[in-house]
Amino acid sequence: MTKQAVTETIRICKNRNILKQYLSSKEVEVVTIMMSLFDDEQIMKTYTKDIKRETLMEKAILMLKKGKIDIDEVSEYFPELLESDIKEIEAEIMQLA
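Notes on the structure in this doc start here.

Rules used in this analysis
Residues numbered from 1 in each chain as written. Predicted model: local features only at pLDDT ≥ 70, side-chain atom pairs only at ≥ 80, totals over all residues. Heavy atoms only, no water. Patch = residues over 30% accessible without salt bridge, like charges linked within 9 Å, V, L, I, M, F, W, Y side chains within 5 Å. Areas by Shrake-Rupley, 256 points an atom, 1.4 Å probe, with all protein chains shown as cover. Salt bridge = Lys/Arg side-chain N within 4 Å of Asp/Glu carboxyl O. Helix = DSSP H or I, 4+ residues; strand = E, 2+ residues; numbered from the N terminus. Buried < 20%, exposed > 50% of the residue type's maximum accessible area, 1.4 Å probe, protein only. Lys, Arg positive; Asp, Glu negative; His and termini not counted. Charge placed at Lys NZ, Arg CZ, Asp CG, Glu CD. Axes fitted to C-alpha atoms, helices over the stretch in contact; angles between N-to-C directions. Parallel < 35°, antiparallel > 145°, perpendicular 65-115°, else oblique. Left-handed = near helix turned anticlockwise from the far one by under 90°. Contact = heavy atoms within 4.5 Å. Nonpolar A, V, L, I, M, F, W, Y, C, P; charged D, E, K, R; others polar. Core = buried A, V, L, I, M, F, W, Y, C linked by side-chain atoms within 4.5 Å.

Thoughts on a nonpolar patch on the surface
A cluster of nonpolar side chains, Ile18, Leu19 and Tyr22, forms an exposed patch at the surface whose accessible area comes to about 320 Å². If you trace the backbone, Ile18 turns up in the loop between helix 1 (3-15) and helix 2 (20-36). Among the residues examined, Ile18 registers a relative accessible area of 41% and is labelled partly exposed.

Notes on the pattern of salt bridges
Tallied over the full model, the rule gives four salt bridges. Asp85 is paired through a salt bridge with Arg53; the nearest N and O atoms lie 2.7 Å apart. In this pair, Asp85 is assigned in helix 5 (residues 83-96) and Arg53 in helix 3 (residues 40-65), connecting sequence segments 32 residues apart. The network of salt bridges with shared partners includes Arg53, Asp85 and Glu88.

So, a negative patch on the surface
On the surface, a cluster of negative charge is contributed by Asp50, Glu54, Glu58 and Glu92. Element by element, the count of residues in the negative patch is highest for helix 3, at three residues. Mapped onto the fold, Glu58 is located in helix 3.

Observations concerning the packing of helix 1 against helix 2
Where helix 1 contacts helix 2, the two axes come as close as 10 Å, and the packing angle between them is 160°. The angle between helix 1 and helix 2 places the two elements in the roughly antiparallel class. For helix 1 against helix 2, the interelement crossing comes out right-handed. Across the interface between the two elements, Lys3, Val6, Thr7, Ile10, Cys13 and Lys14 of helix 1 pack against Lys20, Leu23, Ser24, Glu27, Val30, Val31, Met34 and Met35 of helix 2. Taken together, the residues that form the contact of helix 1 with helix 2 break down as eight nonpolar, two polar and four charged.

A short note on unusual backbone geometry
Phi angles above zero are rare outside glycine, and Asn17 is one such case at about 65°. Structurally, Asn17 can be placed in the loop between helix 1 and helix 2. Of note in the backbone geometry, Leu19 takes a positive phi value of approximately 50° without being a glycine. Judged by relative accessible area, which is 58%, Leu19 ranks as exposed.

As for the nonpolar core
Counting 11 residues, the largest nonpolar core consists of Leu56, Met57, Ala60, Ile61, Leu64, Ile69, Val74, Phe78, Leu81, Ile86 and Ile89. For this core, the secondary-structure elements that each account for two or more residues are helix 3 and helix 5. For this core, the element with the highest residue contribution is helix 3, accounting for five residues. The contacts of Leu56, once residues within four sequence positions are left out, are Phe78, Glu80 and Leu81. By size, the runner-up hydrophobic cluster in this structure holds five residues, among which are Val6, Ile10, Leu23 and Val31.

What is shown is where atoms sit, not what they do.
Here it is in structure tokens:
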């Protein structure tokens, strides 16, 4: 989790009126605490998982470009990808068309 992710989470909470007053007055402290909760091992695990996901997305895009699969088949061939990943792939493919 990055500082940007923590501050974005705090922003979302404040917008949804979740601990808004507390977060508004203690945002710096909350960011510091949240950042200290994640050690190097967790960061490395997250990074590795993101790289794997990106690699799978790149492979799916390549297969789509070559006509090996249709967008409807991405989840079948790449079950590790989330629905949001597939939508992102679809958007990228549509831009190339």
